[in-house]
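What the coordinates show
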Amino acid sequence: MRRTRPIVLHPLVVRITHWLNALAIIVMIGSGWRIYNWEPLFGFTFPVWMTFGGWPEVSQHWHNEEGLAGALQWHFAAMWLLVANLLIYIGYGLSSGHYRRSSMPIWPREILRDLRAALGGRLVHNVGERNAVQKAMYIGVITVIVLTVLSGLAIWKPVQFQELTAAFGGYDAARYVHFVCMAAIVLFLAVHLTLTALVPKVLPPMITGRTGRWR
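Conventions and cut-offs
- Residues numbered from 1 in each chain as written.
- Predicted model: local features only at pLDDT ≥ 70, side-chain atom pairs only at ≥ 80, totals over all residues.
- Heavy atoms only, no water.
- Patch = residues over 30% accessible without salt bridge, like charges linked within 9 Å, V, L, I, M, F, W, Y side chains within 5 Å.
- Areas by Shrake-Rupley, 256 points an atom, 1.4 Å probe, with all protein chains shown as cover.
- Salt bridge = Lys/Arg side-chain N within 4 Å of Asp/Glu carboxyl O.
- Helix = DSSP H or I, 4+ residues; strand = E, 2+ residues; numbered from the N terminus.
- Phe/Tyr/Trp six-rings, centres within 6.5 Å; stacked < 30°, edge-to-face > 60°.
- Axes fitted to C-alpha atoms, helices over the stretch in contact; angles between N-to-C directions.
- Parallel < 35°, antiparallel > 145°, perpendicular 65-115°, else oblique.
- Left-handed = near helix turned anticlockwise from the far one by under 90°.
- Contact = heavy atoms within 4.5 Å.
- Buried < 20%, exposed > 50% of the residue type's maximum accessible area, 1.4 Å probe, protein only.
- Core = buried A, V, L, I, M, F, W, Y, C linked by side-chain atoms within 4.5 Å.
- Domains from an automatic or database assignment.

A contiguous nonpolar surface patch, about 410 Å² in accessible area, is contributed by Leu-12, Ile-16, Leu-20, Leu-23 and Leu-81. The topology assignment puts Leu-23 in helix α1 (residues 12-38).

The final tally for this structure, using the stated rule, is 13 aromatic pairs. Where Phe-52 meets Trp-74, the ring centres are 5.1 Å apart and the plane angle is 65 degrees; that geometry is what we call edge-to-face. Taken as a pair, Phe-52 in the loop between α1 and α2 (65-96) and Trp-74 in helix α2 lie far apart in primary sequence, 22 residues in all. Linked through ring pairs, Trp-33, Tyr-36, Phe-42, Phe-44, Phe-46, Tyr-176 and Phe-179 together constitute an aromatic cluster.

It is at 11 Å that the axes of α1 and helix α7 (residues 171-198) come closest, and there the two elements cross at 130 degrees. Judged by the inter-axis angle, α1 sits oblique to α7. As α1 runs across α7, the sense of the crossing is left-handed. On α7, the residues touching His-18, Ile-25, Ile-29, Trp-33 and Tyr-36 of α1 are Phe-179, Met-182, Ile-185, Val-186, Leu-189 and His-192.

On to the side chain of Asn-21. Looking at the element boundaries, Asn-21 is found in helix α1. Using a relative accessible area of 11% as the deciding quantity, one classes Asn-21 as buried. Leaving out residues up to four positions away in the same chain, Asn-21 has contacts with Leu-82, Asn-85 and Leu-86.

Quick look at the packing of helix α5 (residues 132-156) against α7 now. Packing of α5 against α7 leaves a shortest axis separation of 9 Å and a crossing angle of 150 degrees. The orientation of α5 with respect to α7, classified from their angle, is roughly antiparallel. The way α5 lies across α7 gives a crossing that is left-handed. Facing Met-137, Tyr-138, Val-141, Val-144, Ile-145, Leu-147, Thr-148, Ser-151, Gly-152, Ala-154 and Ile-155 of α5, the residues of α7 in contact are Tyr-171, Ala-174, Arg-175, Val-177, His-178, Cys-181, Met-182, Ala-184, Ile-185, Phe-188, Val-191 and His-192.

Right, let's talk about the pattern of salt bridges for a bit. This model, assessed by the stated rule, comprises one salt bridge. Linking Glu-39 and Arg-175 is a salt bridge whose minimum nitrogen-to-oxygen distance equals 3.8 Å. One end of the pair, Glu-39, is in the loop between α1 and α2; the other, Arg-175, is in helix α7, with 136 residues separating them in the sequence. Residue Glu-39 is classed as partly exposed on the basis of its relative accessible area of 46%.

With 26 residues, the main nonpolar core has Ile-25, Phe-46, Leu-82, Ile-145, Phe-179 and Ile-185 as its most contacted residues. Broken down by element, the residue count for this core peaks at eight residues, all from α1. Both domain 1 (7-78) and domain 2 (105-207) contribute no fewer than three residues apiece to this core. Not counting residues up to four positions away in its chain, the partners in contact with Phe-46 are Trp-33, Tyr-36, Asn-37, Thr-51, Phe-179 and Met-182.

Laid out in C-alpha cells, this is it:
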C-alpha cells in the first residue's frame, strides 16, 4: 500500500523567520512612531495609544526624555532582531533555492496581468503558489526593509556612518527616506493582512508548514 503524507509548504526556517520578522517590524513601527512624535517631519503626530516603547511609569507622559529613551531602546532591540533574522532568511532563501522556487521568474507583463485580474476580482489564488503581484510585493518589501535599516543607521550614527548618510542626501533626507520606507511597510502589512482575511486558508500552512493536500 502506498503511503501518503501532507505536503510541506513552508519549511521550519521560513516559518520561524516569518513570525520573528513580523514581531520585530510591529515593535519597530510602534516605537518608531513614538520617536517620530518627538520631532515630527510633517504637520501631524501619531496618537499615543498607537505608539510603543515608553517605560510604564512615563507612559502617560511620553513627550519627555524618559519616554523617548524607552522608545529608542525598544526600537534598537527590534532592529537588531530584524537584521539578524533577515540575514538568516535571505541566506536560507538563496542557499536552498527557496527564492528561486517561490519568487522567480517575475516579469512586468505578468505583474500587470495579475494586477488587473486582482482589481477585477478574477485573480485565482492557489495555496503554495504566488502570483506575479505577490512575488513583486515580497521582493519589494525585502528591498524596502533593507533601505529602512540603512537609513535608520544613517540617522542613528550620522558621523560614524557619514558616507552612508551622505548617500541618502544627508541627515534630514535620510529621515524622510526612513519615513517613506516605514509607510511602504505599513501599506504592505495592510494589504497582506487583508488578503489573508480574504483567503484564510493561507494562514494554517504558515503555522504548521503543511497543506491539507496529501501525496
